[in-house]
Amino acid sequence: MFPTHRPRRLRRTPALRRLVAETSLEPRHLVLPMFVADGIDEPREISSMPGVFQHTLASLRSAAIEAVEAGVGGLMLFGVPRPDDKDAEGSGASDPDGILNRGLRSLAEELGDATVIMADTCLDEFTEHGHCGVLDDSGAVDNDRTLLRYVDMAVSQADAGAHLLGPSGMMDGQVAAIRKALDAAGHTEVGQLAYSAKYASAFYGPFREAVGSSLQGDRRTYQQDSANRRESLREVDLDIEEGADLVMVKPAMSYLDILRDVADRSPVPVAAYQISGEYSMITAAAQNGWIDRDAAILESLTSIRRAGADIVLTYWATEAAGWLG
């Protein structure tokens, strides 16, 4: 009798669907981005990212322990300096006593090798102009002078205990410059999760609040144009050639085609970052009763995995890991 083929047979029960699922989502696949802020006495919720906080050193440790106990694969740390500590060169980024390096040391002391401690290796939080590099006399980001600052920042983060560094500034040659500096400083085992395909995106908006950004203008002269696809593969190839241990696509949800391209090509693990705007859209829609929050979170994370991500950075990492565990 018609129809002969009935694919619905394998969807009939939860057990059948679980048996034939093509994509898995496990706590180990998830990385929690975290913010540690200087000059605050208690955790401060980020208004555009409900449920996400700027942490004190004490609350950072507590939240990190909770995440690790839930089974997350790693932690990505961002520093939020006091406004008065910012300058044109972003000197606080490489200061051993700067907030990011203090946060890294705190996590390393608390957790050791129980998780993967990652550091955002970029200047934007630390510069008074909010750009990811040093500016020249015309106000443009000077690529090669910026590399010198990344080198200093990278070595200080490795000294502080980071297992992986995350060069995210999209400067040409950044992975090679950092690799050479790490090796010269004796940090041959510290790896790089390179932000290889990072697009200029409107969805970064809430993140600017999260890190207290001082950005003037935009970052379109160094982050990728959302209209471009082939360009990402070139960036990935270059980063791998320069020594990247992992590569990343950012943002995730609006760039799943790029993620699939990169995953099909890359010989190293591929990460994707579910960014602040993606988090905030789902959160806001759920708060308005327009979508099922928990189901949307899991569907979005599974979709990123299905598109090819071995690792997903998400602000829901701890919560989702709890469900999955």
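Structure's up top.
Scoring rules and cut-offs
Residues numbered from 1 in each chain as written. Predicted model: local features only at pLDDT ≥ 70, side-chain atom pairs only at ≥ 80, totals over all residues. Heavy atoms only, no water. Salt bridge = Lys/Arg side-chain N within 4 Å of Asp/Glu carboxyl O. Helix = DSSP H or I, 4+ residues; strand = E, 2+ residues; numbered from the N terminus. Buried < 20%, exposed > 50% of the residue type's maximum accessible area, 1.4 Å probe, protein only. Pairing = 2+ DSSP bridges. Right-handed = clockwise from strand over helix to strand, strands pointing away. Core = buried A, V, L, I, M, F, W, Y, C linked by side-chain atoms within 4.5 Å. Contact = heavy atoms within 4.5 Å. Patch = residues over 30% accessible without salt bridge, like charges linked within 9 Å, V, L, I, M, F, W, Y side chains within 5 Å. Areas by Shrake-Rupley, 256 points an atom, 1.4 Å probe, with all protein chains shown as cover. Axes fitted to C-alpha atoms, helices over the stretch in contact; angles between N-to-C directions. Parallel < 35°, antiparallel > 145°, perpendicular 65-115°, else oblique. Left-handed = near helix turned anticlockwise from the far one by under 90°. Nonpolar A, V, L, I, M, F, W, Y, C, P; charged D, E, K, R; others polar. Phe/Tyr/Trp six-rings, centres within 6.5 Å; stacked < 30°, edge-to-face > 60°.

Visitor: Honestly, the pattern of salt bridges in this entry has me stumped. Any pointers?
Guide: One side chain can pair with another of opposite charge once the charged atoms of both are near each other. The full count for this structure, using the stated rule, is 16 salt bridges. Across the pair Asp152 and Arg149 runs a salt bridge, and its minimum N-O distance is 3.6 Å. With Asp152 and Arg149 both in helix H4 (residues 143-160) and three residues apart, this pair spans about one turn of that helix. With a relative accessible area of 9%, Arg149 lands in the buried category. Where Arg265 meets Asp237, a salt bridge forms, and the shortest distance between an N and an O atom there is 2.8 Å.

Visitor: Looking at this structure, how should I read the pairing of strand S9 (residues 270-273)?
Guide: Note on strand geometry: in a regular strand, side chains alternate between the two faces of the sheet. Of the two faces of S9, the one holding Val270 and Ala272 and the one holding Ala271 and Tyr273 are both buried throughout. Direction of pairing for strand S8 (residues 246-250) relative to S9: parallel, over a ladder of three bridges. Bridge pairing in S9 links Met248 to Ala271. For the handedness criterion, the β-α-β arrangement of S8, helix H8 (residues 256-265) and S9 is classed as right-handed.

Visitor: Quick question: what am I supposed to make of the nonpolar core here?
Guide: One recurring pattern in soluble globular proteins: nonpolar side chains tend to sit buried together. Phe35, Leu75 and Tyr273 are the most contacted members of the largest nonpolar core, which totals 95 residues. Residue contributions to this core peak at seven residues, all from strand S1 (residues 30-37). Apart from the residues within four sequence positions on either side, Phe35 is in contact with Ile46, Val52, Phe53, Gln54, His55, Phe78, Val80, Phe207, Ala210, Val211 and Tyr315.

Visitor: Sorry, what's going on with a nonpolar patch on the surface here?
Guide: Taken together, the side chains of Leu10, Leu19 and Val20 define a hydrophobic patch exposed on the protein surface, amounting to about 290 Å² of accessible area. Along the chain, Leu10 turns up in the segment before helix H1 (14-20). In this structure Leu10 comes out as partly exposed when scored by relative accessible area, which is 46%.

Visitor: For this particular structure, what's the right way to read the packing of helix H7 (residues 230-242) against H8?
Guide: The angle between the axes and the distance between the axes are what describe a pair of packed helices. Where H7 meets H8, the axes come as close as 10 Å, and the angle between the chain directions of the two elements is 40 degrees. The angle between H7 and H8 falls in the class oblique. Remark: the crossing between H7 and H8 carries right-handed chirality. Within the contact between the two elements, H7 uses Ser232, Leu233, Val236 and Asp237 and H8 uses Ile258, Asp261, Val262 and Arg265. Here the residues of the contact of H7 with H8 sort into four nonpolar, one polar and three charged.

Visitor: Teacher, can you tell me more about the packing of aromatic side chains here?
Guide: Following the criterion strictly, the structure yields eight aromatic pairs and no others. Judged by centre distance (5.8 Å) and plane angle (75 degrees), the ring pair of Tyr279 and Tyr315 falls under edge-to-face. Here Tyr279 is found in helix H9 (residues 276-287), whereas its partner Tyr315 is found in the loop between strand S10 (311-313) and helix H11 (317-324), with 36 residues between them in sequence. Overall, Tyr279 belongs to the buried group, its relative accessible area being 4%.

Everything listed here is a matter of geometry and, on its own, says nothing about what the molecule does.
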